[in-house]
Amino acid sequence: MLTFTIRRLLIAIPTLIIISLAIFLLLELAPGDPMAAVPLTVPPEVKAQMREALGLGQPIPVRFVKWLYQFYVVEPLYLFDAIFGTSVAEGMPRIISWQWRSSVMEVVAQRIPQTLWVVGLSYVLGTLIALPIGVISAYRQYSIFDQIGTFVSMIGFSVPTFFTGVLLIVIFSVQLNWFPSIYDTTHRVTDWSSFVFQIKQMIMPVFVLALYNAAQISRFMRASMLDNLNQDYVRTARAKGLGEKTVVLVHVLRNSMIPVVTVIALGIPTVFSGAIITEQVFKVNGLGQLLITAIQANDLPTVQTLTVIFAILIILFNLIADVLYGILDPRIRYD
């Protein structure tokens, strides 16, 4: 397993470089100019200096190599300094956002807590709800519980999140006035009343995303359980006198989790990328909204940094899913 992990990490290096190059070139070919919003009263020589300060006057290969160095070397060193209180990266040039005029990573660090609070919590709750629903629905196939679970799952998966979000806002914010329609990202929990308000403003966005995630994962869990319940090893285990709970929760569930792990692991990067549509509906100032505003402002460094971060997370959790396969199924060996 260790050899496989090291080999996959080494393969990931050229993969990330190719992905970075592809994203860089695509953004370079995109229309728009970050200097378009500069007032016409600014003299041409000042505009030229601003373009040079933003790195727009350099050739594309030079800018790409410079960005690689800043992203893969300088920014990790700044993170190392922030964790251990050192000054290794002091004075090194960082990736600067054209829109915010500050380090992109600092802006990302400011948005991550909001994304994790809303999107991360919804994913955890959705997963915890989906797994038992999928197991019970498969074990009691065609029962009332299975039919209700299937109906709710189909609704949650087929109805878009922007519709569900707006519907909840109309009912619970406009009509009943129970919850705030806009998520206040500046709110700080200092006492019991502020904690209650934080819970209230999280309920609707968390519910919308948890419903969508639970609907998807529960369907995969149910299908995988049904496939394994009809296998020969299940009949053999029952014939040997093993209890039904042991057969289902130990043998069947463990084998059924193998394909579900892929769905869960590949869904985790969406937590960090943020639920773009839901964050827009509830005005959650997370990474998803940051990506949208960066695209609208033609902020290429921010867009490129965020997309490469998402690519790294996808590769990382792909590796984690492969490792979990070997833990769940001892027959799988990579070395």
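Up top you'll find the structure we're talking about.
Residues numbered from 1 in each chain as written. Predicted model: local features only at pLDDT ≥ 70, side-chain atom pairs only at ≥ 80, totals over all residues. Heavy atoms only, no water.

Asks: Can you walk me through the side chain of Glu-75 in this structure?
Replies: Mapped onto the secondary structure, Glu-75 falls in helix H3 (residues 60-84). At 3.3 Å, the side chain of Glu-75 forms a polar contact with the backbone nitrogen of Ile-95. Setting aside its immediate chain neighbours within four residues, Glu-75 contacts Gln-70, Arg-94, Ile-95, Ser-103 and Met-105. (Helix = DSSP H or I, 4+ residues; strand = E, 2+ residues; numbered from the N terminus. Polar contact = N/O pair within 3.5 Å; in protein donor to acceptor, adjacent residues only side chain to side chain. Contact = heavy atoms within 4.5 Å.)

Asks: Explanation requested: the nonpolar core in the structure shown.
Replies: In summary, soluble globular proteins display a tendency toward joint burial of nonpolar side chains. Formed by 48 residues in total, the largest nonpolar core has its most connected members in Ile-217, Met-225 and Leu-306. When contributions to this core are tallied by element, the ones reaching two or more residues are helix H1 (2-29), H3, helix H4 (104-139), helix H7 (192-229), helix H8 (232-239), helix H9 (244-273), helix H11 (287-296) and helix H12 (300-328). Once you skip the residues sitting within four places of it in the chain, Ile-217 turns out to touch Tyr-123, Thr-127, Ala-130, Leu-131, Val-260, Val-263 and Ile-264. Counting 11 residues, the second largest nonpolar core, distinct from the first, contains Val-118, Met-202, Val-208 and Phe-282. (Core = buried A, V, L, I, M, F, W, Y, C linked by side-chain atoms within 4.5 Å. Buried < 20%, exposed > 50% of the residue type's maximum accessible area, 1.4 Å probe, protein only.)

Asks: Quick question: what am I supposed to make of the environment of Arg-188 here?
Replies: With respect to the element layout, Arg-188 can be found in the loop between helix H6 (161-175) and H7. In this structure, the C-alpha to C-alpha distance between Arg-188 and Gln-198, residues 10 residues apart in sequence, is 8.1 Å.

Asks: Would you mind going over the pattern of salt bridges with me for this structure?
Replies: Pairing between side chains of opposite charge can happen when the charged atoms of each approach one another. Counted by the stated rule, this structure contains 4 salt bridges. Between Arg-94 and Glu-75 there is a salt bridge, with the nearest N and O atoms lying 2.8 Å from each other. Of this pair, Arg-94 sits in the loop between H3 and H4 while Glu-75 sits in helix H3, placing them 19 residues apart in sequence. Taken as a pair, Arg-94 and Glu-75 share a single burial class, namely buried. Between Arg-94 and Glu-106 there is a salt bridge whose closest N-O contact spans 3.1 Å. Of the two residues, Arg-94 is situated in the loop between H3 and H4 and Glu-106 in helix H4; the sequence distance between them amounts to 12 residues. Classification of Glu-106 by relative accessible area gives partly exposed; the value is 40%. Salt bridges linked by common partners bring Glu-75, Arg-94 and Glu-106 together as one network. (Salt bridge = Lys/Arg side-chain N within 4 Å of Asp/Glu carboxyl O.)

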